[in-house]
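One letter stands for each residue in the lines below.
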Amino acid sequence: MKYQCMLRIGPAAFRIGSAWAEPIEALRRLYALYPQPQDAIADYTVRLEPAGVGRRCWRPSVRIAGDHMLPDAAPMALRHGLLAVEMGMNLQMALGWRRHLLIHASSVEKNGRALVMTGESGSGKSTLAAMLGERGWRFMGDEFALIDCATGMVHPFPRLVSLKNRAIEAMRDEVANADRFGPLMEATPKGDIVHLVPPESAIARMVEPAKPVMLLFPRYGFPLDQRPVGQGEAFMRLTQASTNYVALGEQGFQALHRFVSGVPALAVDYEDGEQAISAIDALWEALP
Amino acid sequence: MQQGEADSSGSARHYYRDAPETLIEHDLDGLTLLFHRPSGQTHIIDSPMPEILAALSCEPQELRALLGVLADRYDLAVDGDAMQELKAHLDALVSLGLARTAP
């Protein structure tokens, strides 16, 4: 590709190529604190290609390509190039990663112990992890929690936080340094999006795993409530939240059983971030 | 009635299971979590399915004999609809690939 860069997030190394300079320049700025892959070897390649003949210049339109691709994915506008890169990297992890059990979840850490939060899009797991990351917790990731099948530890994947819609203003109130925010991408297929660079210490500790001690299923937009989630329900919901559970076979089964039988799980409904954080702090304090 | 043909209660049908080492079994809050190695499939089953699965032999067994085994283990009444209910549970296990019927 004409423009390219490399970066490492947690244990995964990416080569990003683009037919346009703008997405790569934005990536270089936002991922400036991230390390380069060892020996310049990438696990995955993501390419932003023109969606058709002439579409590099005329109404530039991006097709996401790479080692793993969705053939029917709709092209995206070049002004949403950063989102295209994010989607491309997520796709490589979701379809290709086999070194850990991959759960679609956010995670934060305190004193070597990890809180894992999973839920459907809009549940607030990403925003809550980002907020906690500014309030004394180590941000480990807003998209994927990587479970080590041998040890049960959670490994970080602290990519840029993808803030959507109302979460953008919530995090602008939380983070004073404007340089940590990417450009506002309006009216993307996922709504308005701004990327946020995680705290520097979270990036510096991106290869440091933590022991999972609590699993939450947050749900935004409901009156404050919480209930314990049984191991059977947690197991079933986590198989649905994992993109590689089936591919890992027996190894994934044993890892997930170990996780749900050792980590207490709760469903937490909440109406705003402050309410959720108070509830999380109380639950955390009550842990043995 | 020919050998192997089911009567109205299906009691002549023979059922069996794969060798125990083909299944990994864990308890999950009273539910039973299974990983079936030959298929790579995960199942979560509830009582009485785990008990029926445990009573199944690797050799084909008649329904009536299996009901006898369960009656001994769990103090079951073998009258009424017991045979039909057991057959329904066994057929569910067969559909999951956890039990088999003899040819």
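Given the structure is predicted, the values throughout are model-derived calculations rather than measurements.

Caption draft 1: Main features of the overall build of chain B. Scanning chain B from terminus to terminus reveals 3 helices and 6 strands. In chain B, the succession of α and β elements from N to C terminus is β-β-β-β-α-β-α-α-β. For chain B, the residues scored as buried account for 38% of the 103 residues in total. For chain B, restricting intrachain contacts to residue pairs at least 6 apart in sequence, the fraction spanning at least 24 positions comes to 54%. Accessible surface, chain B: about 5700 Å² in total, of which carbon and sulfur atoms supply 47%.

Caption draft 2: Region of interest: the interface of chain B and chain A. Each partner contributes to the interface: chain B provides 12 residues, whereas chain A provides 11 residues. Counting across the interface, chain B meets chain A through 4 residue pairs in polar contact (both at pLDDT 80 or more). Classifying every residue of the side of chain B that touches chain A gives 7 nonpolar, 2 polar and 3 charged.

Caption draft 3: Structural view of the pattern of salt bridges. Residue and element names in this part refer to chain A. Evaluation of the coordinates by the stated rule reveals 21 salt bridges over all chains. The salt bridge partner of Asp269 is Arg219, with a shortest N-O separation of 2.9 Å. Taken together, the residues Asp269 in strand 16 (residues 265–270) and Arg219 in strand 14 (residues 211–220) connect sequence positions 50 residues apart. Note that Arg237 is salt-bridged to Glu233, the shortest N-O span being 3.0 Å. Of the two residues, Arg237 and Glu233 both sit in helix 6 (residues 231–241), 4 residues apart, roughly one turn of that helix. Relative accessible area serves as the criterion here: at 29%, Arg237 is assigned to the partly exposed category. Put simply, Glu86, Asp142, Glu143 and Arg159 are held in one network by salt bridges that share partners.

Caption draft 4: Quick peek at empty space enclosed by the protein. Residue and element names in this part refer to chain A. All chains considered together, the criterion is met by 3 cavities of 30 Å³ or more. Quantified by volume, the largest cavity comes out at close to 60 Å³. Taken together, Leu27, Tyr31, Leu82, Val85, Glu86, Met89, Leu160 and His195 make up the lining of the largest cavity. With 4 residues, helix 2 (residues 81–96) is the single largest residue contributor to the lining of the largest cavity. Partitioning the lining of the largest cavity into residue classes produces 6 nonpolar, 1 polar and 1 charged. Along the walls of the second largest cavity sit Leu101, Ile103, Val116, Ile147, Leu215, Leu238, Ala255, Leu256 and Phe259, which together make up its complete lining. Breaking the lining of the second largest cavity down by element, the ones donating at least two residues are strand 6 (101–110) and helix 8 (250–262). Its residues placed into classes, the lining of the second largest cavity shows 9 nonpolar, no polar and no charged.

Caption draft 5: Structural view of the sheet that holds strand 11 (residues 161–164) of chain A. Residue and element names in this part refer to chain A. Taken together, 3 strands build an open sheet; the order of strands is 11-13-12 and the sheet is antiparallel. Of all the strands in the sheet, the pair left with one neighbour each is strand 11 and strand 12 (185–188). Here the average twist between neighbouring strands, direction ignored, is 35°. Note: strand 12 against strand 13 (residues 191–196), 2 bridges, orientation antiparallel. From the neighbouring strand, Met185 faces strand 13, where its bridge partner is Ile193. Relative to the sheet, helix 4 (residues 166–174) contacts strand 11 and strand 13, its axis offset from that of strand 11 by approximately 115°.

Caption draft 6: Region of the structure containing the sheet that holds strand 6 (residues 100–101) of chain B. Residues and elements named next belong to chain B. Here 3 strands make up an open sheet; going across it, the order is 5-1-6 and the pairing antiparallel. The sheet is open, and its two borders are formed by strand 5 (61–62) and strand 6, each paired with just one other strand. As paired strands, strand 1 (residues 14–16) and strand 6 are joined by 2 bridges and run antiparallel to one another. Residue pairing for strand 6: Tyr16 is matched across the bridge by Arg100. Contacts between helix 3 (residues 82–96) and the sheet are confined to strand 1 and strand 6, with strand 1 contributing the most and set at about 50° to the helix.

Caption draft 7: Representation of the domain arrangement of chain A in the model. Residues and elements named next belong to chain A. With domains assigned, chain A is organised as domain 1 (3–96) and domain 2 (101–285). If you average the C-alpha positions of domain 1 and of domain 2, the two centres end up 23 Å apart. Listed by partner, the interface residues are 22 residues for domain 1 and 29 residues for domain 2. In this assembly, domain 1 and domain 2 are joined by 1 salt bridge. Arg159 serves as the salt-bridge partner of Glu86, at 3.5 Å between the closest nitrogen and oxygen. Looking at the side of domain 1 that touches domain 2, the elements that each hand over two or more residues are strand 1 (3–9), strand 2 (12–18), helix 1 (21–30) and helix 2.

Caption draft 8: Just the side chain of A:Glu143, in detail. Residues and elements named next belong to chain A. Tracing the backbone through its elements, the reader meets Glu143 in the loop between strand 8 (138–141) and strand 9 (144–147). Since its relative accessible area comes to 15%, Glu143 is described here as buried. A polar side-chain atom of Glu143 sits 3.2 Å from a polar atom in the side chain of His104. Among the polar contacts listed, one links the side chain of Glu143 to the side chain of Arg159, at a separation of 3.4 Å.

Cut-offs applied
Residues numbered from 1 in each chain as written. Chains lettered and ligands numbered in written order. Predicted model: local features only at pLDDT ≥ 70, side-chain atom pairs only at ≥ 80, totals over all residues. Heavy atoms only, no water. Helix = DSSP H or I, 4+ residues; strand = E, 2+ residues; numbered from the N terminus. Buried < 20%, exposed > 50% of the residue type's maximum accessible area, 1.4 Å probe, protein only. Contact = heavy atoms within 4.5 Å. Areas by Shrake-Rupley, 256 points an atom, 1.4 Å probe, with all protein chains shown as cover. Polar contact = N/O pair within 3.5 Å; in protein donor to acceptor, adjacent residues only side chain to side chain. Nonpolar A, V, L, I, M, F, W, Y, C, P; charged D, E, K, R; others polar. Salt bridge = Lys/Arg side-chain N within 4 Å of Asp/Glu carboxyl O. 1 Å grid on protein atoms, 1.4 Å probe; cavity = no way out; pocket = protein on both sides within 12 Å on 5 of 7 lines; lining within 4 Å. Points joined across faces, edges and corners; volume = space filled by probe spheres on them. Pairing = 2+ DSSP bridges. Axes fitted to C-alpha atoms, helices over the stretch in contact; angles between N-to-C directions. Domains from an automatic or database assignment.

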